[in-house]
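So you can see what is in the structure, the chains are spelled out below.
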Amino acid sequence: MKKWIALLVLALVLLLGYVAAGPFLTVNAIRSAVKERNAGELSKHVDFAALRLSLKAQVDDYIVRRAGPELQSNPLAALGLSLASGVAGTAVDAIATPVGIGAVLEGRNLLRRLDPSAPRRDAYAQVPPAEPLKHPSYRFESPSRFTATVNNADGDPVVFVLTRDGLKWRVTDVRLPLEKMLP
């Protein structure tokens, strides 16, 4: 009887250890996929549907706050805001891809490419791969939510949120410093 209890306790401890190590294993797998520029492997660790929704919500919120209350109450300006939101949604769709997320994980500031004064070039293909998730700081927000924070090329923090589904961890959100990245 004591052997069964000890075996059960050992199995429980191993399971808890695996769940606790899961986000670190996922971050390591993401780091390897980005270094190898393996979009298929990266896709296994990123929930792109959830990521698109999160990024669109962040950008829409930024646009509305930037417009201010006087424009929000104007019907014509509201139309302009909805058009701006649609354009921003298209940009988010371009970023929320394996290549775009890989570039963000390497610390590249893809939103700078939207700046008309910036030189036109492919910010991902022409530059040798940087160290993905370089010097991250990790934090468990809950047993099912984990964050890895890195600084982008401008030194601004970018927070990657991993959530647990069963025993698997996936990136479901990226918190971008939009206030500092966009004009």
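So, a few notes on the structure that sits alongside this text. A quick note: this is a predicted structure, and the numbers were derived from the prediction, not measured.

## Quick look at empty space enclosed by the protein
Counted under the stated rule, the structure contains 2 cavities of 30 Å³ or more. Roughly 40 Å³ of volume is contained in the second largest cavity. Among the secondary structure elements, those contributing two or more residues to the lining of the second largest cavity are α1 (2-35) and β3 (157-165).

## With respect to the sheet that holds strand β1 (residues 137-142)
Taken in spatial order, the 4 strands line up as β1-β2-β3-β4 in an open sheet, and their pairing is antiparallel. Each edge of the open sheet carries a strand with a single partner, namely β1 and β4 (168-175). Mean inter-strand twist for the sheet, computed between neighbouring axes without regard to direction, equals 25°. Here strand β2 (residues 145-151) runs beside β3; their pairing, made up of 7 bridges, is antiparallel. Note that in β3 the partner of T147 across the bridge is V161.

## Some details on the pairing of β1
Bridge analysis of β1 against β2 gives 5 bridges, and the strand direction is antiparallel. Note that in β2 the partner of Y138 across the bridge is A148. Between the end of β1 and the start of β2, which pair antiparallel, lie 2 residues.

## Observations concerning the pattern of salt bridges
A complete count under the given rule lists 5 salt bridges for this structure. Here E141 ties to R145 by a salt bridge, and the two come within 3.0 Å at their closest N and O atoms. Here R175 makes a salt bridge to E141, at a shortest N to O gap of 3.5 Å. Highlighted residues: R175 in strand β4 and E141 in strand β1, separated in sequence by 34 residues. Linked through salt bridges whose partners overlap, the residues forming this network are R139, E141, R145, D173 and R175.

## Structural notes on the environment of T90
Tracing the chain through its elements places T90 in helix α5 (residues 75-95). Judged by relative accessible area, T90 falls into the exposed class, the value being 53%. In sequence terms T90 and K56 are 34 residues apart; their C-alpha atoms lie 9.1 Å from each other.

## Topic: helix α3 (residues 48-67)
Working note: α-helix, 3.6 residues per turn, so residues spaced by three or four point in the same direction. Helix length check: α3, at 20 residues, gives a terminal C-alpha distance of 28 Å against a target of 28 Å (1.5 Å per residue), a fit within 8%. Three or more residues of α3 are buried, namely F48, L51, S54, L55, Q58, V59, Y62, I63 and A67. Where α3 ends, the next residue or the one after it, G68, has phi of about 90°, a positive value.

## Details of the packing of aromatic side chains
What characterises a pair of aromatic rings is the spacing of the ring centres plus the angle enclosed by the ring planes. Across all of its chains, the model carries 7 aromatic pairs by this definition. Between F140 and F146, the ring centres sit 4.9 Å apart and the planes meet at 70°, which makes this aromatic pair edge-to-face. With a relative accessible area of 0%, F146 lands in the buried category. Feature note: the residues F24, Y138, F140, F146 and W169 constitute an aromatic cluster, connected by ring pairs.

Each value, and the rule that gives it
- Residues numbered from 1 in each chain as written.
- Predicted model: local features only at pLDDT ≥ 70, side-chain atom pairs only at ≥ 80, totals over all residues.
- Heavy atoms only, no water.
- 1 Å grid on protein atoms, 1.4 Å probe; cavity = no way out; pocket = protein on both sides within 12 Å on 5 of 7 lines; lining within 4 Å.
- Points joined across faces, edges and corners; volume = space filled by probe spheres on them.
- Helix = DSSP H or I, 4+ residues; strand = E, 2+ residues; numbered from the N terminus.
- Pairing = 2+ DSSP bridges.
- Axes fitted to C-alpha atoms, helices over the stretch in contact; angles between N-to-C directions.
- Salt bridge = Lys/Arg side-chain N within 4 Å of Asp/Glu carboxyl O.
- Buried < 20%, exposed > 50% of the residue type's maximum accessible area, 1.4 Å probe, protein only.
- Expected span 1.5 Å × (residues − 1).
- Phe/Tyr/Trp six-rings, centres within 6.5 Å; stacked < 30°, edge-to-face > 60°.

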